[in-house]
Amino acid sequence: MSPDRRAQEFRPHRVVVLAMDGVLPFELGIPHRIFGRPRDAEGRLLYEVLTCSIRPPGPVRTDADFAVQVEHGPQTLATADTVIVPASYELGPVFEQGVLTAELAAALAHIRPGTRLASICTGVYVLAAAGLLDGRPATTHWADSDRLQRLFPQIKVDPDVLFIDDGDVLTSAGVAAGIDLCLHMVRRDHGTAIANEVARRTVVPPHRDGGQAQYIHRPVPDPQQSTTTSARAWALGRLHEPIQLRDMAEQEAMSVRTFTRRFREEVGVSPGQWLTQQRVERARHLLESTDLSVDQVAHDAGFGTAQSMRQHLQTALGVTPTAYRRTFRSGSAGLDSPSARYDDVGTLRVNAART
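Residues numbered from 1 in each chain as written. Predicted model: local features only at pLDDT ≥ 70, side-chain atom pairs only at ≥ 80, totals over all residues. Heavy atoms only, no water.

Undergrad: Is there a simple way to think about the overall build of the protein in this case?
TA: Of regular secondary structure, the protein possesses 15 helices and 12 strands. Within the protein, the fraction of its 355 residues that count as buried is 51%. Once local pairs closer than 6 in sequence are excluded, the contacts in the protein between residues at least 24 apart make up 65%. If you sum the accessible surface of the protein, you get close to 16100 Å²; carbon and sulfur atoms cover 52% of it. (Helix = DSSP H or I, 4+ residues; strand = E, 2+ residues; numbered from the N terminus. Buried < 20%, exposed > 50% of the residue type's maximum accessible area, 1.4 Å probe, protein only. Contact = heavy atoms within 4.5 Å. Areas by Shrake-Rupley, 256 points an atom, 1.4 Å probe, with all protein chains shown as cover.)

Undergrad: I tried to follow the packing of helix α9 (residues 229-236) against helix α11 (residues 256-267) on my own but got confused; where do I start?
TA: For any two helices packed against each other, the geometry is given by the interaxial angle and the distance between the axes. Running from N to C, α9 and α11 cross one another at 90 degrees; their axes reach a closest spacing of 10 Å. Taken together, the axis directions place α9 and α11 in an arrangement best described as roughly perpendicular. On α11, the residues that touch Thr229, Ala231 and Arg232 of α9 are Phe259, Phe263, Glu266 and Val267. (Axes fitted to C-alpha atoms, helices over the stretch in contact; angles between N-to-C directions. Parallel < 35°, antiparallel > 145°, perpendicular 65-115°, else oblique.)

Undergrad: It is not clear to me how the environment of Arg136 should be interpreted in this structure. Could you clarify?
TA: Mapping Arg136 onto the fold places it in the loop between α5 (124-129) and β7 (137-138). Separated by 33 residues in the primary sequence, Arg136 and Val169 place their C-alpha atoms 8.9 Å from one another. Ignoring sequence-local partners within four residues, the contact set of Arg136 consists of Gln154, Ile155, Lys156, Asp166, Asp168 and Val169. In terms of polar contacts, Arg136 uses its side chain to reach the backbone carbonyl oxygen of Leu132, at 3.4 Å. There is a polar contact of 2.9 Å between the side chain of Arg136 and the side chain of Asp168. (Polar contact = N/O pair within 3.5 Å; in protein donor to acceptor, adjacent residues only side chain to side chain.)

Undergrad: Please clarify how the packing of aromatic side chains should be interpreted in this entry.
TA: Aromatic ring pairs are described here by two measures, namely the spacing of the ring centres and the angle between the planes. This model, assessed by the stated rule, comprises 5 aromatic pairs. A centroid spacing of 4.7 Å and a plane angle of 55 degrees characterise the contact between Phe95 and Tyr125, whose relative ring orientation is tilted. On the criterion of sequence distance, the pair formed by Phe95 in helix α3 (residues 93-96) and Tyr125 in helix α5 is long-range, its members being 30 residues apart. You can call Phe95 partly exposed: its relative accessible area is 22%. The class for Tyr125 is buried, based on a relative accessible area of 0%. Both rings, one in Phe263 and one in Trp274, keep their centres 5.8 Å apart while their planes meet at 70 degrees; by these two values the pair is edge-to-face. Of this pair, Phe263 sits in helix α11 while Trp274 sits in helix α12 (residues 271-289), and the two are 11 residues apart along the sequence. (Phe/Tyr/Trp six-rings, centres within 6.5 Å; stacked < 30°, edge-to-face > 60°.)

Undergrad: What is the right way to read unusual backbone geometry from this model?
TA: Peptide bonds are, in most cases, trans, and in most cases residues other than glycine have a negative phi. Unlike most non-glycine residues, Cys121 shows phi in positive territory, near 55 degrees. Along the chain, Cys121 falls in the loop between β6 (116-120) and α5. The exposure class assigned to Cys121 is buried, which follows from its relative accessible area of 8%. The phi dihedral of Val203 falls on the positive side, at around 60 degrees, and the residue is not glycine.

Undergrad: Looking at this model, I keep getting lost on the sheet that holds strand β5 (residues 82-85). Mind explaining?
TA: What the 6 strands build is an open sheet, ordered β2-β1-β5-β6-β10-β9; its pairing is mixed. Each of the sheet's edge strands pairs with one partner strand only, and the pair in question is β2 (47-52) and β9 (163-165). Put simply, the sheet's adjacent strands are angled 15 degrees from each other on average, direction ignored. Lying over the sheet, helix α2 (residues 25-35) contacts β1 (13-18), β2, β5 and β6, oriented at roughly 160 degrees with respect to β2. Of the strands in this sheet, β2, β5, β6, β9 and β10 (169-172) are in contact with helix α7 (residues 177-190), which crosses β10 at around 150 degrees. (Pairing = 2+ DSSP bridges.)

Undergrad: I'm lost on the pattern of salt bridges in this one. Help?
TA: Pairing between side chains of opposite charge can happen when the charged atoms of each approach one another. Tallied over the full model, the rule gives 20 salt bridges. For Glu197, the salt bridge identified is with Arg201, shortest N-O distance 3.1 Å. Placement of the pair is Glu197 and Arg201 together in helix α8 (residues 192-202), with a separation of 4 residues, close to one helical turn. Residue classification places Glu197 among the partly exposed residues on the basis of a relative accessible area of 30%. (Salt bridge = Lys/Arg side-chain N within 4 Å of Asp/Glu carboxyl O.)

Here it is in structure tokens:
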């Protein structure tokens, strides 16, 4: 295909953000900040982000002391490739009774079948009330998870994770977890390198460790207690080497038992699970950004052998190293799998065809 033909056929992925009365401005701005950044090798924006209301264009109340002027009505939902529903504090019967208002139902009816759907925090109640989460895993802010489960018993609510990717429907926990979710979608669509660049420009970590369970009882570590931060930094600089639990514990002058307990309290997963996550991320980066052989990538990521790396990538991503490299080095749309979720130990699981 000629360059001119490719340019003519290029169309950015359209993300439509649904702004409802009572919307939280922070959550409303997250999709614009994350999806408004990624560009391809030619400098073209990979996403187009629009905001719409459930009513004709006009002002929408926020939970702050200002309104936002929304330029698009609900018909814009019909043009979306992805629809994102941020949190609102004025969901009314959606939040109280689990039913859609006639106005909201009419707006959601514009969404085409097959459109990717996502929610940030309590935006999950809109998807749930529409019946879009029946029989699926979902999450929300930990403080609302019990209520969500009682109101919608047909949903498999997981209160511990930062987000869940179930293929065409994704849900996230509160506030900043919306950033994690949007970065994950960029990573899923276009690979780790582009997602990491967006994270750098946004000055946020490209991937947060663990789940939201770590924020429930101990939001801020006691400054009088030792932490595991130094051990994690030490391990990240040595992923290509064998790392034993006792080696990490020694960095903090702790016993293995104390270190393991403290690590799980701070990060939300065990040291072994965390190391596997970091090595998978390292392997993804090397497969995307270098021409190293699969054997060399396996060594540099700390898996030792190509077979070991293949098993871990199959478990985490559902594809082989070769298939992953072919997908993201070719500039295609990524691992747009029919079924994926980020489970309670922080592992992305994709049930895709094996290649």
